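The primary structure of each chain is shown beneath.
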Amino acid sequence: MVELDWDNIPKDLCPICKTDKYLSPTLQFKINPECYHKICDSCVDRIFSLGPSPCPYPNCNKILRKNKFKTQIFDDLEVEKECDIRKKVLSVYNKKEADFKNNLDEYNKYLEEIETVIYKLMNGIDKEETEDKLQEYSILNKQSIEYNNLRKDQEYEKFIQLQNLEKRHKSEKLRLKKELIKQEERIKEESKQEMINKLQNSDSTVEATDILGSVKETMKAQSDALVEQLEELDRKYEIEKLAIMNNTKDDEEEVKEVPFTPFNGDRILELPYTLQPSYNDPHYNKMVQDVSFKASGYNISQYFERSLAEAFTGLDCYIQEEKALSI
């Protein structure tokens, strides 16, 4: 049996079960963002249905979960990996140029920082340190990140509404234009026939001239009516478009009025104290020696931890600095 070259796996072959699309046309391949190794859907169900398992690829020690597998979009896995990493990083680094108050240098530094984080994660350079930095940034800027994500969702929803509105507008406008062309052709035929009938019954040149003028006025009035409908359609489109553009203003103002929370949700990254294994507290030491306290699993260290947390709550918390970090 020929050994499989794991570095050059055929595009349509599953390296685990050796099934290819020639024998199984319905075969689908999936990848996991943990390692981006290609596995067919049958092997995913067989290997990972009972819970997390190591990746079956040689020398890959990643623990994979079934719910993390997804269908591969791009043929090049490097492109697939970069898109996933960019999506992850940009969900945290989600500020826009307007957030920097026209400070272009600060905005460019921000963009450089984003590209540096993406490059390190793509190439495995200081990966743990970079992921810790990303996590720390997400905690320190939790409020602004949530607000920017909400704003992005609103902008996307607004974009979809504008697309649907423009599609309906173009469809209705095309229908009116076709109707206008058909009506003009019908008016010409009817007016021509009417003019012939009237001219046959007229006795003078003056009457014939009046008939021609009357027919032209009728044609112009009917055409103007359709043109006015088209103009009204355009005016209605602009009004609805403006309404959609301004639709999220109130929602954004409500988000800005959310009360400020110190430590971004009471999360203290570094505790200002060190919890000792025990403290000299005669009163509570005597109480916890009683079997009635121990019966419920009570531990005096829980009391000490809670007491220290209550004592240090609010200390070393500067509201203005916290607000500056959350902007």
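Presented here is a report on the structure given in the accompanying data block. (Residues numbered from 1 in each chain as written. Predicted model: local features only at pLDDT ≥ 70, side-chain atom pairs only at ≥ 80, totals over all residues. Heavy atoms only, no water.)

1. Points about a nonpolar patch on the surface
So, step 1. Judged by side-chain polarity, Ile73, Phe74 and Val79 come together as a nonpolar surface patch covering roughly 270 Å² of accessible area.
So, step 2. Mapped onto the secondary structure, Phe74 falls in the loop between β5 (70–71) and α2 (77–90). (Patch = residues over 30% accessible without salt bridge, like charges linked within 9 Å, V, L, I, M, F, W, Y side chains within 5 Å. Areas by Shrake-Rupley, 256 points an atom, 1.4 Å probe, with all protein chains shown as cover. Salt bridge = Lys/Arg side-chain N within 4 Å of Asp/Glu carboxyl O. Helix = DSSP H or I, 4+ residues; strand = E, 2+ residues; numbered from the N terminus.)

2. Quick notes on the packing of helix α3 (residues 104–123) against helix α4 (residues 127–140)
So, step 1. As a packed pair, α3 and α4 sit with axes 9 Å apart at the nearest point and diverge in direction by 140°. One way to sum up the angle between α3 and α4 is to call them oblique. The element α3 and its partner α4 pack so that their crossing is left-handed. Across from Tyr110, Glu113, Val117, Lys120 and Leu121 in α3, the residues of α4 making contact are Lys127, Thr130, Glu131, Lys133, Leu134 and Tyr137.
So, step 2. Tallied by class, residues from the contact of α3 with α4 come to five nonpolar, one polar and five charged. (Axes fitted to C-alpha atoms, helices over the stretch in contact; angles between N-to-C directions. Parallel < 35°, antiparallel > 145°, perpendicular 65-115°, else oblique. Left-handed = near helix turned anticlockwise from the far one by under 90°. Contact = heavy atoms within 4.5 Å. Nonpolar A, V, L, I, M, F, W, Y, C, P; charged D, E, K, R; others polar.)

3. Some points on the packing of α2 against α3
So, step 1. Between α2 and α3, the least distance of the axes is 10 Å, while the angle of their chain directions is 135°. By the criterion of interaxial angle, the relationship of α2 to α3 is oblique. For the pair α2 and α3, the crossing hand works out as right-handed. On α3, the residues that touch Glu78, Lys81, Glu82, Ile85, Arg86, Val89 and Leu90 of α2 are Ile114, Glu115, Val117, Ile118, Leu121 and Met122.
So, step 2. Among the residues forming the contact of α2 with α3, the class breakdown is eight nonpolar, no polar and five charged.

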